[in-house]
Amino acid sequence: EDQVTQSPEALRLQEGESSSLNCSYTVSGLRGLFWYRQDPGKGPEFLFTLYSAGEEKEKERLKATLTKKESFLHITAPKPEDSATYLCAVRASGNNRLAFGKGNQVVVIP
Amino acid sequence: NAGVTQTPKFRVLKTGQSMTLLCAQDMNHEYMYWYRQDPGMGLRLIHYSVGEGTTAKGEVPDGYNVSRLKKQNFLLGLESAAPSQTSVYFCASSDRGNEQYFGPGTRLTVT
């Protein structure tokens, strides 16, 4: 069974204080790892797809990296508007579904 | 493009009542999904479809039925609502199982 564990569950950051979110996964043949952002009361918004170990993707203050066992979402010099829950999901080979983690809730304090 | 839309946005049902949630996408995606999201539980897959006329069970299918009569629409039905079905429901679509695009959600309360 595909498993995704995200840590920490919740994180409070001062504006400008960089940090990283962790997504550990167990899957039989990774076909893709996905990061989403979810604001309160809204649907998840797609951020990145990573396909193989060593791959990196960037968007503004966010950078996602991937190893064979985990992915990190680095938030550089965060702003209050980066406050959200970040979701990680994996797709296994031969599978048409995603397995989601429970999310990292990030609050950035001005 | 509207992307993925869901109707209704909010609904309150009494135990035993039935209802249908509608999801529509205008991205010509083959795959569509229904999830529920509960505090502390994350997103859980209810049912999904890999094409018009096809459906499959997800992680938590009991008490729900689905239909995909048209490629752009995916309906989720509750035949006899229970308080345990109080949740936020999200629909998503994807192009052949890659990144999924989500709708805004339906907040359902069953009393």
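Up top is the structure.
So, here is what we can say about the structure in this document. These figures come from a predicted structure and were not determined experimentally.

Bringing the overall build of chain B into the picture now. Within chain B, the secondary structure is distributed over 0 helices and 11 strands. When the helices and strands of chain B are read in sequence order from the N terminus, they spell out β-β-β-β-β-β-β-β-β-β-β. Computed over its C-alpha atoms, the radius of gyration of chain B comes to 13 Å, within 12% of the 13 Å expected for a compact globule of 111 residues. Its C-alpha atoms give chain B principal-axis dimensions of roughly 35 × 25 × 25 Å. A total of 111 residues make up chain B; the buried ones form 50% of that total. Of the contacts made within chain B by residues no fewer than 6 positions apart, 54% connect residues no fewer than 24 positions apart. Of the roughly 5200 Å² of accessible surface on chain B, a fraction of 51% belongs to carbon and sulfur atoms. Within chain B, the 9 negative side-chain charges are centred at a point lying 8 Å from the centre of the 11 positive side-chain charges.

Residue and element names in this part refer to chain B. Reading across the sheet, the 4 strands line up as S1-S3-S8-S7 and stay open at both edges, with antiparallel pairing between neighbours. This sheet does not close on itself; its edge strands, each paired only once, are strand S1 (4-7) and strand S7 (65-67). Adjacent strand axes in the sheet meet at a mean angle of 20°, parallel and antiparallel pairs treated alike. The sheet contact formed by strand S3 (residues 19-25) and strand S8 (residues 73-78) spans 6 bridges and is antiparallel. Residue pairing for S8: Leu21 is matched across the bridge by Leu76.

Turning our eyes to something else, we now look at the side chain of Gln85(B). All names here are of chain B. Looking at where Gln85 falls in the secondary structure, it is placed in the loop between S8 and strand S9 (87-94). Reaching out from Gln85, the side chain makes a polar contact with the backbone oxygen of Gly63 at a distance of 3.2 Å. Excluding residues that lie within four positions of it along the chain, Gln85 makes contacts with Arg36, Asp62, Gly63, Tyr64, Leu78, Ser80, Leu108 and Val110.

The rules behind these values
- Residues numbered from 1 in each chain as written.
- Chains lettered and ligands numbered in written order.
- Predicted model: local features only at pLDDT ≥ 70, side-chain atom pairs only at ≥ 80, totals over all residues.
- Heavy atoms only, no water.
- Helix = DSSP H or I, 4+ residues; strand = E, 2+ residues; numbered from the N terminus.
- Rg over C-alpha atoms; globule rule 2.2 N^0.38 Å.
- Buried < 20%, exposed > 50% of the residue type's maximum accessible area, 1.4 Å probe, protein only.
- Contact = heavy atoms within 4.5 Å.
- Areas by Shrake-Rupley, 256 points an atom, 1.4 Å probe, with all protein chains shown as cover.
- Lys, Arg positive; Asp, Glu negative; His and termini not counted.
- Charge placed at Lys NZ, Arg CZ, Asp CG, Glu CD.
- Pairing = 2+ DSSP bridges.
- Axes fitted to C-alpha atoms, helices over the stretch in contact; angles between N-to-C directions.
- Polar contact = N/O pair within 3.5 Å; in protein donor to acceptor, adjacent residues only side chain to side chain.

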